[in-house]
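Commentary on secondary and tertiary structure
Residues per chain, in single letters:
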Amino acid sequence: MIKLGTRRSALATAQATHVADALRALGHEVELVPIVTTGDVNRAPLEQIGGTGVFVSALRDALVAREIDIAVHSLKDLPTAPVEGLTLGAIPVREDPRDVLVARDGLTLGELQTGALIGTGSPRRQAQIEALGLGVELTGIRGNVDTRIGMVAEGKLDAVVLARAGLARLGRLDEITETLDPIQVLPAPGQGALGIECRSDDTAVLAALAPLEDPATRAAVTAERQLLATLEAGCTAPVGALAEVVEGEDGPELWLRGALGQDDGVRRLSANGSVDDPQAVGRALAHELLEQT
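Attention here is on the structure that accompanies the text.

A word on the environment of Glu247. Note on placement: Glu247 falls in strand β11 (residues 239-248). Once the C-alpha coordinates of Glu247 and Leu132 are considered, the two residues, 115 residues apart in sequence, prove to be 31 Å apart.

Spelled out as structure tokens, the structure:
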């Protein structure tokens, strides 16, 4: 029996169930174990209560204590610093990593009037949308997908910005009014990807997770997360990143785009390199971005 720890939110449960079903299809018995995290019960801004790691620490504690065998994380919520004794046993195929707009009256970002109120708790999204010079107002919000979209339905906000992957996993893609081009808004490092964490010495669980691994997704998110780690930015810092494995002249190569929010706007650069050394690609682009600040 594999015990899978999950937060209680609808999205976390959907993600955990997706992984559980994949493991069951391979012949494993899986039990979902609900875990309450600080981020679920404290509605203060993330940067005040410890960044996005507040969604992760309780799950990791349960792993270390052997109360659960695996935890499913949204990789964009997972701090870049490793935890001794734990490892990402598998990173499955990534969902669409882009951000989306859910706006009143079916509007796109460019169709919103000057002064329109857009809700997002992400400094990364705020910095990049402000840099577009559309004259919209941005306000911080917290809460699950229902709560955020509800603010638009109730007329409290003109629009909210969310991750497309979350809406896909909840079966709510029809509520999107625009999928934002990464040229305008780069997603968070790791956005759209799931990380399945387990104990490093649990060989049976590592063997069970192996078929779920997608090497191209791991290479891409490793580069993105290394960019974030090298910038020494917490997960709430205005850093956007998106990597893809593309076919180059000499075979597959990794292409990484990065964005760093600054007081005077957003710096954007790209780099490419070896699929076999995604950390090097991430580090190199981070140093280039720092040189421009």
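Now for the pattern of salt bridges. Scanning the model with the defined rule gives 19 salt bridges in all. Across the salt bridge formed by Arg164 and Asp96, the nearest N and O atoms sit 3.4 Å from each other. One end of the pair, Arg164, is in helix α7 (residues 164-169); the other, Asp96, is in the loop between β4 (86-90) and β5 (99-103), and 68 residues separate them in sequence. A relative accessible area of 23% means that Asp96 is categorised as partly exposed. We note a salt bridge from Glu154 to Lys156, for which the minimum N-O separation is 3.2 Å. Glu154 sits in the exposed class, given a relative accessible area of 53%. What makes Lys156 exposed here is its relative accessible area of 58%.

What follows concerns the sheet that holds strand β2 (residues 30-34). Pairing is mixed in the open sheet, where 5 strands are placed in the order β2-β1-β3-β10-β4. Each edge of the sheet is formed by a strand with only one pairing partner; in this case those strands are β2 and β4. Strand-to-strand twist of the sheet, defined as the mean angle between neighbouring strand axes without regard to direction, takes the value 35°. Pairing between β4 and strand β10 (residues 194-199): 4 bridges, direction antiparallel.

Tracing the sequence through the fold places Val245 in strand β11. The class for Val245 is partly exposed, based on a relative accessible area of 34%. Taking the C-alpha atoms as reference points, Val245 and Glu213, separated by 32 residues in sequence, lie 15 Å from one another. Contacts of Val245, omitting those with residues within four sequence positions, involve Ala216, Ala219, Pro252, Glu253, Leu254 and Val275.

Think of an α-helix as turning once every 3.6 residues; residues three or four places apart then point the same way. Regarding helix α5 (residues 123-131), the residues found buried are Arg124, Arg125, Ala127, Gln128 and Ile129. Residues of α5 that are buried sit in contact with β5, β7 (137-139), β8 (159-163), β11, β12 (251-262) and β13 (265-273).

With that settled, the discussion passes to the pairing of β2. Relative to β2, strand β1 (residues 2-6) runs parallel, the two being bridged by 5 bridges. Counted as the bridge partner of Ile2 is Val30 from β2. In this region the chain leaves β1, passes through helix α1 (residues 10-25) and returns to the parallel neighbour β2; the handedness of that crossover is right-handed.

Our next topic: the sheet that holds strand β9 (residues 178-179). In spatial order, the strands read β7-β6-β8-β5-β9; together these 5 strands make up an open sheet with mixed pairing. Strand pairing shows two members of the sheet lacking a second neighbour, β7 and β9, which therefore form its edges. As paired strands, strand β6 (residues 117-119) and β8 are joined by 2 bridges and run parallel to one another. Paired with Ile118 across the bridge in β8 is Ala159. Packed on one face of the sheet, helix α6 (residues 145-153) meets β5 and β8 and runs near 155° to β8.

Okay, the side chain of Asp158 next. Position of Asp158 relative to the elements: it lies in the loop between α6 and β8. Judged by relative accessible area, which is 15%, Asp158 ranks as buried. Polar contacts involving the side chain of Asp158 include one to the side chain of Arg104, which spans 2.7 Å. Of note is the side chain of Asp158, whose polar atom sits 2.8 Å from the backbone nitrogen of Leu117.

Reading the values: the criteria
- Residues numbered from 1 in each chain as written.
- Predicted model: local features only at pLDDT ≥ 70, side-chain atom pairs only at ≥ 80, totals over all residues.
- Heavy atoms only, no water.
- Helix = DSSP H or I, 4+ residues; strand = E, 2+ residues; numbered from the N terminus.
- Salt bridge = Lys/Arg side-chain N within 4 Å of Asp/Glu carboxyl O.
- Buried < 20%, exposed > 50% of the residue type's maximum accessible area, 1.4 Å probe, protein only.
- Pairing = 2+ DSSP bridges.
- Axes fitted to C-alpha atoms, helices over the stretch in contact; angles between N-to-C directions.
- Contact = heavy atoms within 4.5 Å.
- Right-handed = clockwise from strand over helix to strand, strands pointing away.
- Polar contact = N/O pair within 3.5 Å; in protein donor to acceptor, adjacent residues only side chain to side chain.

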